[in-house]
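Overview (structure and organization)
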Amino acid sequence: MADRPVDLGNLGPDAEGITARMREICADLGVEYACYASNTTINGELVGLTTYPEEWRAHYLSQGHHMRDPTLTRAVHAVAPVDWSRLRNMDGYAEVFRDASDFAIPQTGLSVPIRGAFGDRGVLTLARRCSDVEWAAQKREIMQQVQLMAAQLHDDVLRSGQVLQRIRQPTLSDREKEILQWTAAGKSQQDIADILNLSSRTVEVHLRSARAKLGALNTAQAVGRAIGLRVIYPI
Amino acid sequence: MILIVDALNRHEFTDILDDMYRLRARVFGERLGWEVDIRDGKERDCFDDLDPAYIIGLDDDGRVISCVRALQTMGPHMLSDVFSDILDGQPPVRSPTIWEATRFCVDTDRLARGRGAGTIAHATCELSLGALEYAIESGITDVIAVVDPRMDRVLRMSGNGAYDYLGKTVDMGKVHALAGLLDCTEERLERVREMAGITGSVIVDEEEFRAARVRKASRAATLAQYFMDQIDAAQDSSELQAVLELADTVLGPVSARAVREAARADSAH
């Protein structure tokens, strides 16, 4: 991604819907701004979306900051979410954040790297003005959720691409289908664990995976989508 | 002490990564007989090119004594791409809060047996703790560890055993491999800590580690300069011999040889 420009102006077909979703994410997590960038290698689509104020977005692009901003270009290569304090000594940080300060844009934030099964990469950044202590506590609290949200958002962007619409059929394992089928039949996680002779935690692992593959926020939605895609039977 | 190296800081720690690839070559290539690709004494595969995170154990001298590699399960990883036999043809588990851990190893050549600091058991616990701490801090709920049955047993003995397995045990050439599930919870962290007698975090602060490395390098340079000066100042062969012997003791044979060669090159000018 670092070697190719991220055009924050190149909005995908469903840009408005996705930006609206990013605003919801900000509200849910209690942060001020979000920015999403990805390079989907299958159709080569470059996508950049942000909830930042228009003046900052325009200035940021005119300065070519999207090519040097380490919260995007460097953080996208990480495995774990990257706190912006880790990026302070990296190239580009000083330039971008000096400007950000002039526009009263928060300096505290987190970059969540996203990886897709086809080798595609993306990053969701979240920013908030607050004390280091507040930020540390909030970060701990949202760390799991942001990664689920980031993956979901990336999925929404992929779904909105025309090429991917056709090749995208989730590949659920037999175990995942079986567990969704029992869930559709009204069984609880513990019931299913007993039926399949698994630990409840293993059932949860398969459910997590199934939700991620179906791009579902919760198990109910995953069951709904699985039925819609004829992966399991309606009961 | 545990150091986390990923795509953001790896350019600073290339020597440590090389040391790690050499450890992997000795463990997986030589000792375990896995079919791995070794070049210049280093073991690397295509997943090392996918920006993984490495959890690396270092001894007091800064040598790599243990390591494990982490990748997100949402992206390409070993279970999805090369170890798919384990899953019996089934698609892999994918979740933003589940990581895959591979190439878990400890330097059994350099470390002692038994219990306490400097032992294989202690290094194993420390590495497990480093990986668990890093995962928990990153909001990860579970890790899928691809290991051989021997390592699976070693993990169980260090309080970090799998709570379940995915797929089945398969033949990977000379060895078997299986995918264990490890929950990333405070309970597990506490269990391993108690087993190892370790309290508090094992992960080293990157800034402090960096500063310590600079201090160590400058100390070594000062010492080397001191011996260079002494070699220059030596009046006769017995004095020179005494300086060289002292350098051998203080710097260790490898660095002392470098100083001697530098002094010889100097005097040639």
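All values reported here derive from a predicted model rather than from experimental measurement. (Residues numbered from 1 in each chain as written. Chains lettered and ligands numbered in written order. Predicted model: local features only at pLDDT ≥ 70, side-chain atom pairs only at ≥ 80, totals over all residues.)

Overview of the overall build of chain A
Convention followed: Each helix is a run of DSSP H or I of at least 4 residues and each strand a run of E of at least 2, with the numbering of both proceeding from the N terminus. A residue is called partly exposed when the number of other C-beta atoms within 10 Å of its own lies between 12 and 20, exposed at 12 or fewer, and buried at 20 or more, with C-beta atoms placed from the backbone. Note that contacts rest on C-beta atoms placed from the backbone: two residues are in contact if these are within 7 Å.
Each helix and strand counted, chain A has 10 helices and five strands in total. Residues counted as buried form 42% of the 235 residues belonging to chain A. In chain A, 68% of the contacts between residues at least 6 apart in sequence involve partners at least 24 apart.

Points about the overall build of chain B
When helices and strands are tallied, chain B shows eight helices and nine strands. Overall, the C-alpha framework of chain B stretches about 75 × 40 × 35 Å when taken along its three principal axes. Buried residues in chain B amount to 39% of all 269 residues. A separation threshold of at least 6 residues defines the contact pool for chain B, and within that pool the share at least 24 residues apart is 65%.

A short note on the domain arrangement of chain B
This is how the line gets drawn: What marks off one domain from the next here is an automatic or database domain assignment.
Under the domain assignment used here, chain B contains domain 1 (2-204) and domain 2 (209-268). Placing the centre of domain 1 of chain B and that of domain 2 of chain B at their C-alpha centroids yields a distance of 39 Å.

Some details on the confidence of the model for chain A
In regions of low pLDDT, the predicted coordinates are not meant to be interpreted in detail. Residue and element names in this part refer to chain A. So the rule is basically this: Per-residue confidence from the predictor is reported as pLDDT, a score between 0 and 100.
For chain A, per-residue confidence averages 87 on the pLDDT scale, and 88% of positions sit at 70 or higher. Within chain A, helix α6 (residues 162-167) has the poorest average pLDDT of any element, 47, and strand β3 (residues 82-83) the best, 97. A low-confidence stretch, residues 1-13 stays under pLDDT 50, and its non-local contacts, those more than four residues away or across chains, total 33 contacts.

Examining the confidence of the model for chain B
Per-residue confidence for chain B gives a mean pLDDT of 90; residues scoring 70 or more make up 95%. At the level of chain-chain contacts, confidence expressed as ipTM amounts to 0.80, with global pTM at 0.83.

Observations regarding the nonpolar core
Inclusion rule: Residues of type Ala, Val, Leu, Ile, Met, Phe, Trp, Tyr and Cys that are buried and joined through C-beta atoms within 7 Å form what is called a nonpolar core.
One finds Ile55 and Ile56 of chain B to be the most contacted residues of the largest nonpolar core, which totals 104 residues. A total of nine residues in this core trace back to one element, the largest contributor, which is helix α3 (residues 120-137) of chain B. Non-local contacts of isoleucine 56 of chain B, meaning those with residues more than four positions away in its chain, are made with Ile2, Leu3, Val5, Ile16, Met20, Val64 and Cys67 of chain B. If you look at the next biggest cluster of nonpolar residues, it comprises 15 residues, including Trp182, Leu207, Ala222 and Val231 of chain A.

Regarding the pairing of strand β7 (residues 142-147) of chain B
All names here are of chain B. Basically, it comes down to this: Two strands make a pair as long as DSSP finds a minimum of two bridges between them. Look down the strands so they point away from you; if going from the first strand over the helix to the second traces a clockwise path, that crossover is right-handed.
Of all six residues that make up β7, six are buried, and the element is covered over most of its length. Judged by which residues are buried, β7 turns out to be covered on both faces: Asp142, Ile144 and Val146 on one side and Val143, Ala145 and Val147 on the other are all buried. Of the strand pairs in this sheet, strand β6 (residues 98-106) and β7 are connected by four bridges, and their pairing is parallel. Counted as the bridge partner of glutamate 100 is isoleucine 144 from β7. Considered for its hand, the β-α-β crossover made up of β6, α3 and β7 is right-handed. Sheet analysis places β7 next to strand β9 (residues 175-183), joined by six bridges and oriented antiparallel. Note on β9: the bridge partner recorded for isoleucine 144 is leucine 181.

Let's talk about the interface of chain A and chain B
Heads up, the condition is: Any residue that is not Ala, Val, Leu, Ile, Met, Phe, Trp, Tyr, Cys, Pro, Asp, Glu, Lys or Arg is counted as polar, Gly included; the first ten are nonpolar and the last four charged.
The partner chain B presents 29 residues to the 32 residues of chain A that form the contact. For the side of chain A that touches chain B, the elements supplying multiple residues, two or more each, are α5 (132-160) and α9 (200-214) of chain A. Per-element accounting of the side of chain A that touches chain B gives the leading share, eight residues, to α9 of chain A. Looking at the side of chain A that touches chain B residue by residue, the classes come out as 14 nonpolar, 11 polar and seven charged.

Some words on the pairing of strand β1 (residues 2-5) of chain B
All names here are of chain B. The alternating pattern of β1 places Ile2 and Ile4 on one face and Leu3 and Val5 on the opposite face, and all of these are buried. Both β1 and strand β4 (residues 53-58) contribute to a ladder of four bridges, which runs antiparallel. Looking across to β4, one finds that isoleucine 4 is bridged to isoleucine 55.

A word on the packing of helix α7 (residues 174-184) of chain A against α9 of chain A
Residues and elements named next belong to chain A. Spelled out, the test is: Lines are fitted to the C-alpha atoms to define the axes, a helix being fitted only along its stretch in contact, and any angle between axes, read from their N-to-C directions, falls within 0 to 180 degrees. Should an angle fall under 35 degrees it is taken as roughly parallel, and over 145 as roughly antiparallel, whereas 65 to 115 is taken as roughly perpendicular and any remaining angle as oblique.
Two numbers describe how α7 lies on α9: the axes approach to 9 Å, and their chain directions differ by 95°. Between α7 and α9, the interaxial angle falls into the category roughly perpendicular. In contact with Arg175, Glu176, Ile179 and Leu180 of α7, α9 contributes Val203, His206, Leu207, Ser209 and Ala210. Tallied by class, the residues present in the contact of α7 with α9 amount to five nonpolar, two polar and two charged.

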